[in-house]
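Structural characterization, general
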Amino acid sequence: MKKFNVFAGIENEDVQFEKNLEFPNYEEAMKYAELWAYEIYYMNPKLDILEIMRELDVTEDVATILFIKQMTESINYSVEEVVEGE
């Protein structure tokens, strides 16, 4: 297992991070960071699906697509591997 620092957030807002999380590889660490960023967005979206439906006068299906598009454009995440000294 390798140690990684994981960063996740929404656009320019405060980015949250966790230190020294263990993952088998970089790809698994990135998957975790991406899911964490989505979770952060779900807790604090710009507009939720009902607000999108109301403001744009669209169906729930269209509002869901717009919500997902807005979410994927708004999240930021990254990881860095922790390299310990000898």
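Scroll up to find the structure.
A few points on the structure. The structure presented is a predicted model; accordingly, all values stated were derived computationally and were not measured.

**Regarding the overall build of the protein chain**
Tallying secondary structure elements over the protein chain gives three helices and three strands in all. The linear arrangement of helices and strands in the protein chain, starting from the amino end, is β-β-α-α-α-β. Computed over the C-alpha atoms, the radius of gyration of the protein chain is 16 Å, more than 25% above the 12 Å expected from 2.2 N^0.38 for a compact globule of 86 residues. When the backbone C-alpha atoms are referred to their principal axes, the protein chain occupies close to 60 × 25 × 15 Å. Looking at the protein chain as a whole, 27% of its 86 residues qualify as buried. Here the contacts in the protein chain between residues at least 6 apart in sequence split such that 57% fall between residues at least 24 apart. Roughly 6,200 Å² of accessible area belongs to the protein chain as shown, and the carbon and sulfur atoms make up 50% of that amount. The averaged location of the 20 negative side-chain charges in the protein chain is 3 Å from the averaged location of its 7 positive side-chain charges.

**Section: helix α3 (residues 60-74)**
With 15 residues, α3 extends 21 Å between its outermost C-alpha atoms, agreeing within 8% with the 21 Å of an ideal straight helix rising 1.5 Å per residue. Among the residues of α3, those classed as buried are A63, F67, Q70, M71 and S74. The buried residues of α3 occupy one face: seen down the axis, they fall within an arc of 100 degrees. Exposed residues on α3 whose side chains face more than 90 degrees from its buried face are D61, I65 and E73.

Conventions and cut-offs
Residues numbered from 1 in each chain as written. Predicted model: local features only at pLDDT ≥ 70, side-chain atom pairs only at ≥ 80, totals over all residues. Heavy atoms only, no water. Helix = DSSP H or I, 4+ residues; strand = E, 2+ residues; numbered from the N terminus. Rg over C-alpha atoms; globule rule 2.2 N^0.38 Å. Buried < 20%, exposed > 50% of the residue type's maximum accessible area, 1.4 Å probe, protein only. Contact = heavy atoms within 4.5 Å. Areas by Shrake-Rupley, 256 points an atom, 1.4 Å probe, with all protein chains shown as cover. Lys, Arg positive; Asp, Glu negative; His and termini not counted. Charge placed at Lys NZ, Arg CZ, Asp CG, Glu CD. Expected span 1.5 Å × (residues − 1). Arc of directions from axis to C-beta.

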